[in-house]
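Summary of the model geometry
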Amino acid sequence: GNVSVEGAPPLPGTLTEVEAISKIEPGATRVTGEAFTHDVAREALTKYDVVHFATHGDVDSNAPLFSAVLTNPGEHGSSRLWLYEIQAMKLRAGLVVLSACQTGKGRVRGGDEVAGFTRTLLLAGADTVVASLWDVSDESTAELMEGFYRSLQAGRPGAEAMRSAILAVRKKFPHPTYWAAFVMTGI
């Protein structure tokens with residue numbers, strides 16, 4: 001959460017988001033600010049069962065594998081975890097949540113599904129990916145994600161947990177811009 005690199009503004013709502021999730025999942029490893037580096041993000045996908053990225057996403061619809069999750073550079077020097085890197089990985093993460101703008105977008109290829117974050121993560125081994133179809137609000141997204149994890153913790157299946165979170169956010173933020181952006185793909 002709260003990564004500000006390459007001219008992308010800080011996202012203070014992501015700190016609220018990850019703080020709320022860490023209270024629901026007390027054993028979770030939380031990495032924010034300068035500590036959230038390319039290498040840390042990459043390692044998380046192979047080390048944990050659930051990975052939640054609350055950061056900026058950069059979608060390149062002309063060359064989907066050059067889409068990336070923005071991180072701090074760290075020792076590696078790259079401020080991006082590229083999809084072309086992820087496609088070569090063997091993920092442990094069964095659930096990957098991309099709490100970032102437009103991470104559900106991509107490019108339709110002839111005879112295939114949309115090439116982008118979701119497809120790449122599923123092909124690398126994730127069972128389920130949560131991504132957004134447009135720019136999302138920091139505040140409503142934090143509430144939606146908190147509700148999602150609270151419902152998962154209560155034992156609800158993923159799709160039911162997402163629906164429950166969306167319905168709760170919809171009461172406070174009635175316009176679909178605030179609650180309809182996130183889609184869940186997978187099992």
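My aim in this report is to walk through the structure given alongside it, one point at a time. (Residues numbered from 1 in each chain as written. Predicted model: local features only at pLDDT ≥ 70, side-chain atom pairs only at ≥ 80, totals over all residues. Heavy atoms only, no water.)

1. Describing the overall build of the chain
Within the chain, the secondary structure is distributed over 7 helices and 9 strands. Computed over C-alpha atoms, the radius of gyration of the chain comes to 15 Å, within 12% of the 16 Å expected from 2.2 N^0.38 for 187 residues, which places it in the range of a compact globule. Dimensions of the chain, computed from C-alpha atoms along their principal axes, come out at roughly 40 × 40 × 30 Å. Within the chain, the fraction of its 187 residues that count as buried is 44%. Accessible surface computed for the chain: about 9,200 Å², of which carbon and sulfur atoms make up 52%. A gap of 6 Å separates the mean positions of the 17 positive and 21 negative side-chain charges of the chain. (Helix = DSSP H or I, 4+ residues; strand = E, 2+ residues; numbered from the N terminus. Rg over C-alpha atoms; globule rule 2.2 N^0.38 Å. Buried < 20%, exposed > 50% of the residue type's maximum accessible area, 1.4 Å probe, protein only. Areas by Shrake-Rupley, 256 points an atom, 1.4 Å probe, with all protein chains shown as cover. Lys, Arg positive; Asp, Glu negative; His and termini not counted. Charge placed at Lys NZ, Arg CZ, Asp CG, Glu CD.)

2. Here we look at the environment of Glu75
With respect to the secondary-structure elements, Glu75 resides in the loop between β3 (68-70) and β4 (80-82). The sequence separation of Glu75 and Ala63 amounts to 12 residues, and the corresponding C-alpha distance is 26 Å.

3. So, the packing of helix α5 (residues 138-153) against helix α6 (residues 158-172)
One can describe the packing of α5 onto α6 by two numbers: an axis separation of 8 Å at closest approach and a directional angle of 140 degrees. Taken together, the axis directions place α5 and α6 in an arrangement best described as oblique. Note on packing geometry: the crossing formed by α5 with α6 is right-handed. The segment α5 lies against α6, with Glu139, Ser140, Glu143, Leu144, Gly147, Phe148, Ser151 and Leu152 engaging Gly158, Ala161, Met162, Ser164, Ala165, Ile166, Val169 and Lys172. Its residues assigned to classes, the contact of α5 with α6 comprises 8 nonpolar, 5 polar and 3 charged. (Axes fitted to C-alpha atoms, helices over the stretch in contact; angles between N-to-C directions. Parallel < 35°, antiparallel > 145°, perpendicular 65-115°, else oblique. Left-handed = near helix turned anticlockwise from the far one by under 90°. Contact = heavy atoms within 4.5 Å. Nonpolar A, V, L, I, M, F, W, Y, C, P; charged D, E, K, R; others polar.)

4. Focus on the sheet that holds strand β5 (residues 95-99)
In space, the 4 strands of this open sheet follow the order β1-β5-β8-β9, with mixed pairing throughout. Looking at the sheet topology across the chains shown, the edges are occupied by β1 (50-54) and β9 (182-186). Geometrically, the sheet is characterised by an average inter-axis angle of 10 degrees between neighbouring strands, direction not taken into account. Relative to β5, β1 runs parallel, the two sharing 5 bridges. Directly across from Val51, in β5, lies its bridge partner Val96. Strand contacts of helix α1 (residues 12-24): β1 and β5, with the helix running at about 160 degrees to β1, the strand carrying the most contacts. (Pairing = 2+ DSSP bridges.)

5. Details of the sheet that holds strand β2 (residues 57-58)
Taken together, 3 strands build an open sheet; the order of strands is β2-β3-β4 and the sheet is antiparallel. Edge positions in the sheet fall to β2 and β4, since each of these pairs with one other strand and no more. Of the pairings in the sheet, the one linking β3 to β4 comprises 3 bridges and is antiparallel in character. Across the sheet, the residue bridging to Leu70 is Arg80, located in β4.

6. Quick look at the nonpolar core
In this structure, Leu45, Phe53, Ile86, Val96, Leu98 and Leu121 are the most contacted members of the largest nonpolar core, which totals 25 residues. Listing elements by their share of this core, those giving two or more residues are α2 (38-47), β1, β3, α3 (83-86), β5, α4 (117-123) and β8 (128-132). Excluding its chain neighbours within four sequence positions, the residues that come into contact with Leu98 are Phe53, Val69, Thr103, Phe117, Leu121, Val129, Val130, Ala131, Ser132 and Phe182. Within the second largest apolar cluster, 18 residues are counted, among which are Ile24, Phe148, Tyr149 and Val169. (Core = buried A, V, L, I, M, F, W, Y, C linked by side-chain atoms within 4.5 Å.)

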